[in-house]
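Secondary and tertiary structure notes
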Amino acid sequence: MKTVISSLESTAESLLKLTGAALKFSIALGSACVIIYALRVGHFPQGLTLGDGLLFLLAASCFGVVYAMFVGCLVSLGICLSIVTRPIFNFVFARIQKKVNPKKEMAYEMARFHWGSIPFALVAVVLIWAFGQHDNVAYWNLPVLSIALYVFYSIAKSAGSQYRRHERLLNSVIVTPEKDELQSSGEAGKKKSAYLVSITVVMLLPLVMGGVSGLLMDGAMRMAQVRIEKAAVYVKAPYNALLPDALVVKEAKAPEGYKAYAGVTVQFKGFGNTTVIAFKDGELQRQLDIPNDQIIVEKKTGE
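Residues numbered from 1 in each chain as written. Predicted model: local features only at pLDDT ≥ 70, side-chain atom pairs only at ≥ 80, totals over all residues. Heavy atoms only, no water.

1. A word on the overall build of the protein
Helix and strand counts for the protein come out as 7 helices and 5 strands. Counted from the first residue to the last, the protein has its helices and strands arranged as α-α-α-α-α-α-α-β-β-β-β-β. Per-residue burial over the protein gives 37% buried out of 303 residues. Of the contacts made within the protein by residues no fewer than 6 positions apart, 71% connect residues no fewer than 24 positions apart. By element, 64% of the accessible surface of the protein is carried by carbon and sulfur atoms, the whole surface being about 18,200 Å². (Helix = DSSP H or I, 4+ residues; strand = E, 2+ residues; numbered from the N terminus. Buried < 20%, exposed > 50% of the residue type's maximum accessible area, 1.4 Å probe, protein only. Contact = heavy atoms within 4.5 Å. Areas by Shrake-Rupley, 256 points an atom, 1.4 Å probe, with all protein chains shown as cover.)

2. Examining the packing of aromatic side chains
Going through the model one piece at a time under the given rule, you end up with 5 aromatic pairs. Ring geometry for Y37 against F268: centres 6.0 Å apart, planes inclined by 25 degrees, an arrangement best described as stacked. Of this pair, Y37 sits in helix α1 (residues 2–40) while F268 sits in strand β2 (residues 258–268), and the two are 231 residues apart along the sequence. In this structure, Y37 and F268 share a single accessibility class: buried. On the basis of an interplanar angle of 10 degrees and a centroid distance of 5.7 Å, the ring pair of F63 and Y67 is categorised as stacked. Separated by 4 residues within a single helix, F63 and Y67 lie in helix α2 (residues 50–100), roughly one turn from each other. Judged by its relative accessible area of 1%, F63 falls in the buried class. For Y67, a relative accessible area of 1% gives the class buried. (Phe/Tyr/Trp six-rings, centres within 6.5 Å; stacked < 30°, edge-to-face > 60°.)

3. As for unusual backbone geometry
Residue P238 is reached from A237 by a cis peptide bond, and omega for that bond is 10 degrees. Here P238 is to be found in the loop between β1 (228–236) and β2. The phi dihedral of Q225 falls on the positive side, at around 65 degrees, and the residue is not glycine. Relative to the helices and strands, Q225 is located in the loop between α7 (213–223) and β1. Located in the positive-phi region is K230, a residue other than glycine, with phi close to 50 degrees. As for its placement among the helices and strands, K230 is situated in strand β1.

4. Regarding the sheet that holds strand β5 (residues 295–298)
Strand order in the open sheet formed by 5 strands is β4-β3-β2-β1-β5, and the pairing between neighbours is antiparallel. This sheet does not close on itself; its edge strands, each paired only once, are β4 (284–291) and β5. Ignoring strand direction, the axes of neighbouring strands in this sheet form an average angle of 45 degrees. Strand direction decides the pairing type here: strand β3 (residues 274–281) and β4, joined by 8 bridges, are antiparallel. Bridge pairing in β4 links F279 to R286. (Pairing = 2+ DSSP bridges. Axes fitted to C-alpha atoms, helices over the stretch in contact; angles between N-to-C directions.)

5. Some thoughts on the nonpolar core
Core analysis: the largest hydrophobic core is formed by 48 residues, its most contacted members being F63, L142, L216 and F268. When residues of this core are traced back to their parent elements, those giving at least two are α1, α2, α3 (118–134), α4 (138–171), α6 (187–209) and α7. With 16 residues, α2 is the largest single contributor of residues to this core. Sequence-distant contacts of L216, defined by excluding residues within four places in its chain, comprise F63, V66, Y67, F70 and F131. Listed in part, the 14 residues of the second largest apolar core include V264, L288, I290 and I295. (Core = buried A, V, L, I, M, F, W, Y, C linked by side-chain atoms within 4.5 Å.)

6. Overview of a nonpolar patch on the surface
Taken together, the side chains of I83, V84, I88, F91, V92, I96 and V100 define a hydrophobic patch exposed on the protein surface, amounting to about 710 Å² of accessible area. You can see V92 is positioned in helix α2. (Patch = residues over 30% accessible without salt bridge, like charges linked within 9 Å, V, L, I, M, F, W, Y side chains within 5 Å. Salt bridge = Lys/Arg side-chain N within 4 Å of Asp/Glu carboxyl O.)

7. Side note on α6
End to end, α6 covers 31 Å across 23 residues, agreeing with the expected 33 Å (1.5 Å per residue, within 8%). At M203, α6 shows its maximal kink, close to 35 degrees; a proline, P206, follows between one and four residues later. Just beyond α6, the residue with positive phi is G211, at close to 75 degrees. (Expected span 1.5 Å × (residues − 1). Bend = angle between axes of the 7 residues up to and from the residue.)

8. Topic: the side chain of R86
Along the chain, the position of R86 falls in helix α2. In this structure R86 comes out as buried when scored by relative accessible area, which is 15%. A distance of 3.0 Å separates a polar atom in the side chain of R86 from the backbone oxygen of M110. (Polar contact = N/O pair within 3.5 Å; in protein donor to acceptor, adjacent residues only side chain to side chain.)

9. Let's talk about the pattern of salt bridges
Side chains that carry opposite charge are capable of pairing whenever their charged atoms lie near each other. For the coordinates displayed, the defined rule picks out 7 salt bridges. Between E229 and R222 there is a salt bridge, with the nearest N and O atoms lying 3.2 Å from each other. By relative accessible area, which is 36% here, R222 ends up partly exposed. A salt bridge links R286 to D281; the shortest N-O distance between them is 2.8 Å. Residues joined by salt bridges that share partners form a network here, namely R40, D218, R222, R227 and E229.

Right under this line is the structure:
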């Protein structure tokens, strides 16, 4: 009974450590992406307060959640596609292994298909279709990415399993020839390195290869209410003179001293003392920074 309880405590402790590390990594990655988003729209907030710092953490967490779901769904799609790709990879890797070192077994095993991956794979298909509406490249780029993620996920899973097995052997009090050989070869450290590198590649590869990082950032910023599409804004003089008359909503009830405008994208709000809006002015796409006390943003929830 004590052994079972000890095992459960060890598993729970490992899960807590893994969850904490994943949360820290997501927030760190999200923080970097919020900064990249600010540079992408050409605006870096000024006059930040403590409340802005909390909003920054919220936006970073939103991106971390959106990105983690995106990566998880693509990996699940890769696992589903493994019904076709796994035999091909095993054949290719076996041929390579046979030429390089016939006596040695394959270092890593490709992950098997799992029924639990199907719901997330379906979400990945929907995401690919949605991203493909914006950029046709996503229709082939993201499926290829899911296969690449599956390969690194398989390496991480196999290396992690081997590393834990090696650790149990090294931590045992019984001295065996296998333990001595493992200590001298440093195989446990190699498997740990392979596991960490593979996990890092799985987390970062979609940013480099996915081609949809901008859309993911926009989605995360919308979730955090930093970015609002097709917003109605009320702008006070003298700033309202800078917006084109074509965007004016004449029938809208605007507060005294303000003019109502529609078809405006709020690119950055909530951080600092200015709000960034973007709008069409004829053939041009213009961007304008307006002090927060000179603009009211209305989000159309019914659309």
